Amino acid sequence: MTDAQWTLFRSILRGEASGLNVGLIADSPWIPGYCGISTIDFFARPEEWFAAYMKIKKDFPEVLFLPDWWVEYGMATEPSGFGVKINFYDSNLPTVHHLIDDMDNAGEIIDRIMLPDPRKDGLMPLVLNLQRSAVSKLQDTGERIRIVSSRGPLTIASHLFSVTELLMCVKTDPEPVHKLLKITTQLCKDWLDAQLENVGTAEGILVLDDVSGFFNHDDYMEFAHPYLKEIFSGFPECLHLFHNDTDNDTCFSHLDDMGVDLFNFTHKKSISRARELAGGKVTLLGNIPPMSLARNTPTEVYALAKDCISEYVSSNGGITGLILSVGGGAPMEAKGECIEAMVNAARGL
């Protein structure tokens, strides 16, 4: 983000911005296709990655891209530190193969798992190297890396197990699950800390953990909330962004206690209900169906955006506390004219 965009973003989170703005979580599902390059070129050719970000910034100057200048390899970055097998493809996201494929021996395998060093292990050192390269190139553009990111502790764990096996172990053998989550939580903190030190200009962290939305309330409070809160509490000087777009509102009423400043959630929950559950302190990032950017016309997206804005204003009394977006990230094949339709709706055109 530029200095002006970051100042604007901070003012929105403080409830001081006068207008409605559009934000978008944008990464490897959408950016390569939009920019006409392969997914693997986006990952493996730094010049293509940099040019792609310059293009979306030029094409959509009014959009607050979050986290912006995001160096990532789909879901593979953090699990790679544990030694999982990863498949890469020209036009799709990487496949991450589970490290734990036998529930009967899960406890024994977890006992052998070592905490990765993000400066040495897996793909994380490559991310740090590309970040350093980007920091150097950005010095003459007015842009800076303002936010660094990590997949959350449960999402990382779900790429070592499968999601189903992880959730079953929560019920049948919870002690090893807690042991694993302590490791993945520490990795999240170490990984964010390494990036903050590496970049030097970031003042925000984004944690993405959809798997935390797969629990009922009691299990969420035992297996998700304490670990997520520990991560955010470890960075009191930063703004805290959280993404969980599963169709479960268990975490909504706990966001303030978690320390979340900005929340991106599912389009399947109404914007008014999300505002009610989250309370007044947390800024909401939503809440148009993500696939509408790929499947609908610009006119239809504009109408969806206006409906979202109207519902929010009706329930909240104004646009304070909202950044207009989709309920999740930008999908593959999202069309530029549909993103522009969101911007026009926010402008009131």
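Calculation notes
Along each chain, residues carry numbers from 1 onward, in the same order as the chain's sequence is written. The predicted origin of the model limits local features to residues at a pLDDT of at least 70 and limits the giving and counting of side-chain atom pairs to 80 or more, whereas totals for whole chains, interfaces and linings rest on all residues. Each side-chain value is derived from all of the structure's non-hydrogen atoms; neither hydrogens nor water enter the calculation. Only one rule defines a salt bridge in this text: a Lys or Arg side-chain nitrogen within 4 Å of an Asp or Glu carboxyl oxygen. Exposure categories follow from relative accessible area, calculated using a 1.4 Å probe and restricted to protein chains: below 20% of the type maximum is buried, above 50% is exposed, and the middle band is partly exposed. Stacked, tilted and edge-to-face are the three classes applied to pairs of Phe, Tyr and Trp rings, where Trp contributes its six-membered ring and a pair requires centres within 6.5 Å; stacked means planes under 30 degrees apart, edge-to-face means over 60, and tilted covers the rest. Segments assigned H or I by DSSP are reported as helices when at least four residues long, segments assigned E as strands when at least two residues long, and all are numbered from the N terminus.

## Section: the pattern of salt bridges
A full pass over the atoms with the stated rule returns 19 salt bridges. A salt bridge links Asp41 to Arg45; the shortest N-O distance between them is 3.8 Å. The salt bridge partner of Arg45 is Glu47, with a shortest N-O separation of 3.0 Å. For Arg45, a relative accessible area of 34% puts it in the partly exposed group. Judged by relative accessible area, Glu47 falls into the partly exposed class, the value being 43%. Through salt bridges that share partners, Asp41, Arg45, Glu47 and Glu48 make up one connected network.

## Regarding the packing of aromatic side chains
Here the distance between the centres and the angle between the planes together describe a pair of aromatic rings. In this structure the tally under the stated criterion is 20 aromatic pairs. Ring centres of Phe43 and Phe88 lie 6.1 Å apart, and the angle between their planes is 75 degrees; on these two criteria the pair is classed as edge-to-face. Of this pair, Phe43 sits in helix 3 (residues 39–44) while Phe88 sits in the loop between strand 3 (86–87) and strand 4 (95–96), placing them 45 residues apart in sequence. Note on Phe43: relative accessible area 8%, which makes it buried. Residue Phe88 is classed as partly exposed on the basis of its relative accessible area, which comes to 34%. On the numbers, 5.0 Å between centres and 85 degrees between planes, the contact of Phe252 with Phe263 is edge-to-face.

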